[in-house]
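Read off the chains here:
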Amino acid sequence: FPSYGSPHGGTQVTGSRTKNNFLSGQTYGSKTVYVALLDQSGNLHNPPITLNRTLNYQSSGGGYSSPGSGYSSPGNGYSSPGSGYSSAGSGYSSPPIYETTATLLVNNQPTSISELPLKDLQDGLRILQSFEPVGIASVDLQDCLLKQMDARGWESSLAYRIVSEQFTLLVRRRVPELSRKLSHPTHAIHEALQQIAELDPAPGKRFSEDSNQSVAADAEVEKVGKEWVIHLNNDYVPRLRLNKTYKELITKGTLSPKEKEYVRNQMRAGKFLINSIEQRQNTIERITKKILEKQEDFFLHGSSKLHPMTMAQVAEEIDVHETTVSRATANKYLRTSHGLFPFKYFFTPGYSGKDGDAVSNTSVKEIIGSIIEQEDPKKPLSDRAIVDKLAEKDIKLARRTVAKYREELGISPTNLRRQY
């Protein structure tokens, strides 16, 4: 099932009043919940969903509540003071769910699952499936898409038939076979596929933690007139200096020999730290100059002109150890006219190209992407055909290497790129 959690500690869990009239509410905190789905043999077949706060079932009142969340379901209705939503007195009643089933669903007790009736567990599953976004807690991808299509009223569409009747062909994108089996022209199949593409295959993913990070450049290279200029970003570098008070204490002679030695040691440590920070910036500047020297074609023309270069080569030329270059460039970024790049982007192995020129593997990827962009959509190139195209440029690669680079570029294989 899709993960359904909150990166901010609180999630508005909103359920729609579907034809089954299941519950919804607002909860806070974080709790891993197992939604049980059993086969006829009593085996559990599902991963966990991350939901919020424990729901404690109250069998005597005919409902359930979530302590601390402002949610309750007494008798025939429910209210959520925290969200301003209420349906008490509306004649709306919660579905029957036993206390042991609710405890299992929200308290993560999979070892007790075989002791519970299948129907009770399925009721709990249906409650979760009524929550928004539509499609969470689905049995599989096909079920997830169908639930979203049901919610949009697409039951009579060709897209719905493709997902419900020919899902295997959909996954493999077998357009001619779909056209033949469903008795529709290929252009209608393509329109249906575009409609299906509007659906969300992982609706719970929107609540997962955002891994995007704001990155500031540690250095920048720009061309001013005919000269290249390097700017170091010192905004995040601490400006340190030694406190004059301690220097004065030593010169005044008011300290004991032991105290004087202690202050001197601390001053030496402070100077070492200041010098280390200055040396770090100096190393970054020297590495940037060497990158600019060896990769000028990149700064002029972009990634397609990136040349092979190793850290060992740069380390030798600036007279430091290779590990120093590695540490200095770790998690550091360089701003160029072509965008922001990690320093390590510029260190790449390569291949022998036309006229004996070395070509980096990054440039090879760019060339592969360009070849595929120019292909005939009705007759997409196979990996073997791409190998032959590269050979015309005197770049010799194995077919599996081309396949690897194509996948790294996020480009689909031939059968999924073909347009009919």
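Structure's up top.
This report concerns the structure included in the present document.

Cut-off values and rules
- Residues numbered from 1 in each chain as written.
- Predicted model: local features only at pLDDT ≥ 70, side-chain atom pairs only at ≥ 80, totals over all residues.
- Heavy atoms only, no water.
- Axes fitted to C-alpha atoms, helices over the stretch in contact; angles between N-to-C directions.
- Helix = DSSP H or I, 4+ residues; strand = E, 2+ residues; numbered from the N terminus.
- Parallel < 35°, antiparallel > 145°, perpendicular 65-115°, else oblique.
- Left-handed = near helix turned anticlockwise from the far one by under 90°.
- Contact = heavy atoms within 4.5 Å.
- Nonpolar A, V, L, I, M, F, W, Y, C, P; charged D, E, K, R; others polar.
- Core = buried A, V, L, I, M, F, W, Y, C linked by side-chain atoms within 4.5 Å.
- Buried < 20%, exposed > 50% of the residue type's maximum accessible area, 1.4 Å probe, protein only.

### Topic: the packing of helix α3 (residues 141–152) against helix α4 (residues 158–165)
Contact pair α3 / α4: the axes reach a minimum separation of 10 Å and the direction vectors enclose 155 degrees. One finds that α3 runs roughly antiparallel with respect to α4. The two elements α3 and α4 cross, and the hand of that crossing is left-handed. The segment α3 lies against α4, with Q142, L145, L146, M149 and D150 engaging A159, Y160, V163 and S164. Its residues placed into classes, the contact of α3 with α4 shows 6 nonpolar, 2 polar and 1 charged.

### Points about the nonpolar core
Taken as a class, soluble globular proteins show a tendency for nonpolar side chains to be buried jointly. I287, I291, F299, F346 and F347 are the most contacted members of the largest nonpolar core, which totals 22 residues. At the level of secondary structure, the elements contributing two or more residues to this core comprise β9 (219–224), α9 (257–294), α10 (296–301), α11 (311–317) and α12 (322–329). It is α9 that provides the largest number of residues to this core, a total of 4 residues. Setting aside its immediate chain neighbours within four residues, F346 contacts I291, Q295, F298, F299, L306, M309, L334, T336 and F341. Ranked by size, the runner-up nonpolar core spans 21 residues in total, among them W154, V163, V175 and I189.

### Some thoughts on the side chain of N361
Within the secondary structure layout, N361 lies in helix α13 (residues 361–373). Ignoring any residue separated from it by four or fewer positions in sequence, one finds N361 in contact with T348, P349, G350, Y351 and Y405.

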